[in-house]
Structures are given as structure tokens and as C-alpha cells.
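Residues per chain are reported as follows:
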Amino acid sequence: MESFTFARAADAREAIALASSRSETRYLGGGTNLVDLMRETIERPRTLIDVTGLANEIAVRGDGAVVIGAAVTNTALAEHRHIRTLYPVLSRAILAGASAQIRNMATVGGNLLQRTRCYYFYDNEAAACNKRAPGSGCDARDGFNRIHAILGASPACVATHPSDMCVALSALDAIVHVDGPNGPRTIPMTDFHRLPEDRPDIETMLETGELITAIELPAAAIARRSTYRKVRDRASYAFALVSVAAAIDVQDGVVADVRLALGGVAHKPWRAHQVERLLVGQPATHAAFRVAAEAELADAVPLRDNAFKIELARRTIAATLADLVP
Ligand SMILES: Cc1cc2nc3c(=O)[nH]c(=O)nc-3n(C[C@H](O)[C@H](O)[C@H](O)COP(=O)(O)OP(=O)(O)OC[C@H]3O[C@@H](n4cnc5c(N)ncnc54)[C@H](O)[C@@H]3O)c2cc1C
Ligand code: SF4
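Because the structure is predicted, anything quoted here is derived from the model rather than measured.

Colleague: Please explain the overall build of the protein as it appears in this structure.
Modeller: Across its full length, the protein holds 13 helices and 12 strands. Relative to a compact globule of 326 residues, whose C-alpha radius of gyration would be 20 Å, the protein shows 19 Å and is just as compact. Seen through its C-alpha atoms, the protein measures out along the principal axes to roughly 60 × 50 × 35 Å. Taking all 326 residues of the protein together, the buried fraction comes to 52%. Here the protein displays about 14,400 Å² of accessible surface, and carbon together with sulfur accounts for 50% of that area. A distance of 4 Å separates the average location of the 36 positive side-chain charges in the protein from that of its 37 negative side-chain charges.

So this is what it looks like as C-alpha cells:
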């Protein structure tokens, strides 16, 4: 690890001022990803600004929306009574990730910005990686790519986004609140992460120095009937091969509304618009779920080792929705 200066901000404005006045700064949440990357010298910030003392409350607004401070820990969010009962998909997604010890440290802001688990990205010594070193190439494309993307990838990068929580936030139409040198603004969660295109090193819509201050969950009655299913190599402590965050409203056997997002398949949490569009007004049957899942995966492009993910995603979508139908 290279040497760095450490600062603790009293509030968001001070954090942003510090970030704007020094080059190569990073905000520090729980450190569960950033510190690992610094140990490997993949990240080399000159200054770390600890933001764990800021924005660590969960507030339920009068209109039923929930505002979650960026420094709220993953554990506190998953265990919050309002989240467990009204947004079970979010609680389950968080509990499907990492370990209790990591969830106790990890923050909501840090979870959104955790980096890919592509093995070649972490191999700072020997691998070519456009995300780590733009223009150097991508060893995953023709290498061992079992965990890599089947949707939305580019010749420059085939990595997947590793977060479970972000998949649920995408299905819930969450809104990311940020503040920065040019003032506060909001970004819809579905637009927050980028597809790789020819700049996989640029992963989100955040501008330099911008701080995530909160995540807003709009009130959504549909989220009461929601769940998260994660398929992985081991029952715990493993990232998703494919995951599904789903919520559904069924009236008289017909789908009145549905929200669905996929994890483990793309460079960003993948909102399954095709599934949603095709299912509304259809009978809530396994056959209809399967047809919609097939349409969503129609443009999937497998790599050498991960064609299995296409059928896995189809089956996981259909099974997860079927489980939610009364
Ligand atoms: C062994 C292991 C297993 C894991 N398994 C899973 C899993 O199965 N599923 C899963 O989803 N995750 C998993 N994780 C990842 C874990 O969830 C992330 O490391 C964690 O969410 C990152 O949060 P953090 O607060 O520690 O972020 P940090 O490591 O502190 O920061 C991560 C990034 O976010 C930036 N940042 C932090 N806060 C802010 C802010 N407020 N505004 C702007 N930028 C900010 C930092 O500068 C840094 O770039 C695993 C991690 C480990 C180590
Ligand atoms: S898939 Fe992306 S992160 Fe992995 S080696 Fe290629 S460019 Fe790097």
C-alpha cells in the first residue's frame, strides 16, 4: 500500500471542499473494498476522506418514501423494520451478500461504488485490463470468463457489477442523491452505473468530487410482495452467477404490475424492461414468465465459458416470479 493522508469530514460540504482541494482523493466508507484495492496498489489515493460519520440515518417520509443516508451500514439497512416488511427484496439482497462482519462495516454509498470482481482486474502484475489501465486490452475476453457478462458487454470489457444491493435498488426505482462542487443533484439508480462501451474505467455518472449523500426509495406498494434470489457457486460468501430481484402485483390471476432486475449478467444491474413490458396483462403463470424471460435474454452473447448463464437466467427469472404468485 502506498502512503496517504487521512482526513475526517464534519459534514458533506467539508468533505466536498476537501475532495476539491486535493488531487487523487477518495471518500472512505467501510473500507471493505477500497482498502483491499489500495493494498494491491490498484487504487492509489493520496488522500482518504472518511465519510462514515455523515448521513447515517434512515428516515421514512410522510409520503411513504424512505431516505437512507449514504453512511448507513448494510446491516442496519437490511435489519430496519420498515425495509424488512415493505421492501423485503432489498433486505434479502443485502443479506445474500458478503458476510455479517463485512455487512457491519460496509456502507450504502460504498456498496454502489464497489468495483468488479473480474480476476484480471485484480491481477495488477500480469493481466491486461482496460478498466484498470485504459487502452491495455482485456484478458478476460479470451481468457477464463465463467463469471463474466452476457448482456450489454463491449469489446473493451466484459466484466459484471458485483453488488446484490444495487440489483434490488434498480428494481425499486431508487434515486441516488449526490452533492458536489456544482451543488446537489439526483440520479435514477437505473442510470447511475454505465455500460462499458469504450471506457470501462468510467463506471458511474458521478462527476469528480461528487459525494453520494443518500438513496431514496419511492413509496411502492408493489414492493411488499418482492424477493431476491441469488444463484452462486457456494451457499454463502460468493458473488452471484445470476441473481433476480423481483416484485409483482397479481389481480385475479393476471399480472397488474411487475418490477424485475438481474445481477451477475452485465456491467451494471440489469433492469429487465422486456420482462416487465411483456408480462403486464398476462396470466401469472410459469409459462408466461418463461416466455418473458426468453425475450429478455434474446440478445445475450455468451463468452467461451459462460453460456450456461443464459439458461440459468431464464430459469431463475421464471422460478423467482412463480414463487411470488399467491
Ligand atoms: C470477501 C468479500 C465478499 C463480498 N461479497 C459480496 C457479495 O456477495 N455481494 C455484494 O454485493 N458485495 C459483496 N462484497 C462487497 C461489499 O459489499 C463491498 O465491499 C462494500 O459494499 C463496499 O462498501 P464500503 O462502505 O466498505 O466501501 P469502501 O470500500 O469504503 O468504498 C468503496 C468505494 O466507494 C467510494 N465511496 C464510499 N462512500 C462514498 C460516498 N458516500 N460517496 C462517494 N463515494 C463513496 C470509495 O471512495 C470507494 O471508491 C464482498 C466483499 C468482500 C471483501
Ligand atoms: S473484463 Fe473488464 S475488468 Fe475484466 S480484464 Fe477485461 S477490461 Fe478488465
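Continuing now.
Colleague: How should the site of ligand 1 be read in this particular structure?
Modeller: Of all residues adjacent to ligand 1, which total 30 residues, the nearest are Tyr27, Gly30, Thr32, Thr107 and Asp164. For ligand 1, an oxygen atom lies 2.7 Å from a polar atom in the backbone of glycine 31. Between ligand 1 and alanine 98 there is a distance of 3.1 Å, counted from an oxygen atom to a backbone nitrogen or oxygen. For ligand 1, the protein covers 92% of the area, taking 980 Å² as the surface of the free molecule. Elements with a minimum of two residues in the shell around ligand 1: β2 (25-28), α7 (108-112) and β8 (211-217). Taken together, the residues of the shell around ligand 1 break down into 14 nonpolar, 12 polar and four charged.

Colleague: Even after reading the chapter, I still don't get the sheet that holds strand β3 (residues 47-50), so can you show me in this structure?
Modeller: Sheet strands line up and pair through hydrogen bonds in the backbone, either parallel or antiparallel. The three strands are arranged β1-β3-β2 in an open sheet whose pairing can be described as parallel. Strands at the two margins of the open sheet, each flanked by one partner only, are β1 (5-8) and β2. When strand polarity is set aside, the average angle formed by the axes of neighbouring strands in this sheet is 25°. The pairing of β1 with β3 spans four bridges and is classified as parallel. In the sheet register, phenylalanine 6 faces β3, and the bridge partner there is leucine 48. Most of the contacts of helix α1 (residues 12-21) go to β2, to which it runs at about 155°, and overall it touches β1, β2 and β3.

Colleague: Just checking my understanding: could you explain the sheet that holds strand β5 (residues 66-69) for this structure?
Modeller: Pairing is antiparallel in the open sheet, where five strands are placed in the order β4-β5-β8-β6-β7. Of all strands in the sheet, those bounded by a partner on one side alone are β4 (58-60) and β7 (185-188). Within this sheet the neighbouring strands show an average axis-to-axis angle of 25°, counted without direction. Summarising the sheet, strand β6 (residues 175-179) and β8 pair through five bridges and their orientation is antiparallel. Within β8, the position partnered with valine 176 by the bridge is isoleucine 215.

Colleague: Got a minute to help me understand the site of ligand 2 in this structure?
Modeller: Around ligand 2, 14 residues are found, and the nearest of them are Cys118, Cys129, Cys138, Cys157 and Val158. Broken down by class, the residue content of the shell around ligand 2 amounts to 11 nonpolar, two polar and one charged.

Colleague: Whenever I open this one, the nonpolar core confuses me. Can you help?
Modeller: Burial of nonpolar side chains together is a common tendency in soluble globular proteins. With 40 residues, the main nonpolar core has Leu90, Leu112 and Leu217 as its most contacted residues. Among the elements that line this core, the one with the most residues is helix α9 (residues 165-171), at six residues. In this structure leucine 90 touches Leu77, Ile83, Met165, Ala168, Leu169, Leu172 and Leu217, once residues within four positions along its chain are discounted. Val258, Ala292, Ala313 and Leu324 belong to the second largest nonpolar core, which has 30 residues in total.

Colleague: What should I look at first to understand unusual backbone geometry in this one?
Modeller: Negative phi characterises most residues that are not glycine, and trans characterises most peptide bonds. Although it is not a glycine, glutamate 197 adopts a positive phi angle of roughly 40°. Even without a glycine there, the phi angle at tyrosine 237 is positive, about 60°.

Colleague: Explain the pattern of salt bridges here, please?
Modeller: Opposite charge on two side chains permits them to pair, given that their charged atoms come into close proximity. Counted according to the given criterion, the structure contains 25 salt bridges. Across the pair arginine 26 and glutamate 43 runs a salt bridge whose closest N-O atoms are separated by 2.9 Å. Of this pair, arginine 26 sits in strand β2 while glutamate 43 sits in the loop between α2 (34-39) and β3, and the two are 17 residues apart along the sequence. Note that arginine 304 is salt-bridged to aspartate 305, the shortest N-O span being 2.9 Å. Taking the relative accessible area as the measure of exposure, arginine 304 reaches 59% and is therefore exposed. When its relative accessible area of 23% is taken as the criterion, aspartate 305 is described as partly exposed. Connected through salt bridges with shared partners, the residues Arg26, Glu43, Arg115, Lys131 and Glu203 form a single ionic network.

Colleague: Would you mind going over the UniProt feature "domain: FAD-binding PCMH-type" (unreviewed entry) in the protein with me for this structure?
Modeller: Following the UniProt record, the feature "domain: FAD-binding PCMH-type" (unreviewed entry) maps to residues 1-222 here. Here residues 1-222 is 28% helix and 16% strand, with 46 Å between the C-alpha atoms at its ends.

Cut-off values and rules
Position numbers for residues start from 1 in each chain and track the written sequence from start to end. In the order they appear in the text, chains get letters beginning with A and ligands get numbers beginning with 1. The model is predicted, so local features are restricted to residues of pLDDT at least 70 and side-chain atom pairs to those at 80 or more, both for listing and for counting; the totals for chains, interfaces and linings are taken over all residues. The side-chain quantities take in all heavy atoms of the structure and omit both hydrogens and water. Helix and strand definitions here come from DSSP, where helices need a minimum of 4 consecutive H or I residues and strands a minimum of 2 consecutive E residues; each element is numbered from the N-terminal end. Only the C-alpha atoms count toward the radius of gyration. The rule for a globule is 2.2 Å times the residue count to the power 0.38. Buried residues are those whose accessible area, probed at 1.4 Å on protein chains only, stays under 20% of the maximum for their type, while exposed residues exceed 50% and partly exposed ones sit between those limits. The protein chains shown are the only cover counted for residues, whose accessible areas, like all others here, come from Shrake-Rupley with a 1.4 Å probe. Counted charges follow a simple rule, with Lys and Arg positive, Asp and Glu negative, and His plus the chain ends left uncounted. For the purpose of locating charges, the reference atoms are NZ of Lys, CZ of Arg, CG of Asp and CD of Glu. By convention in these notes, a residue is near a molecule or strand provided one of its non-hydrogen atoms lies within 4 Å of it. Here a polar contact is recorded for every N or O atom pair within 3.5 Å, except that within protein the pair must consist of a potential hydrogen donor and a potential acceptor, and residues adjacent in sequence are included only if both atoms are side-chain atoms. Only Asp, Glu, Lys and Arg are considered charged in this grouping, and only Ala, Val, Leu, Ile, Met, Phe, Trp, Tyr, Cys and Pro are considered nonpolar; every other residue, Gly among them, is considered polar. Any two strands with at least two DSSP-identified bridges between them are counted as paired. Axes here mean lines fitted to C-alpha atoms, for a helix over just the part in contact, with angles spanning 0 to 180 degrees between N-to-C directions. Every residue pair with non-hydrogen atoms within 4.5 Å of one another is taken to be in contact. To define a nonpolar core, start from buried Ala, Val, Leu, Ile, Met, Phe, Trp, Tyr and Cys residues and group those joined through side-chain atoms within 4.5 Å. Salt bridge criterion: a side-chain nitrogen from Lys or Arg within 4 Å of a carboxyl oxygen from Asp or Glu. UniProt positions are given in the numbering used here, feature names are shortened, and annotations may be inferred rather than shown by experiment.

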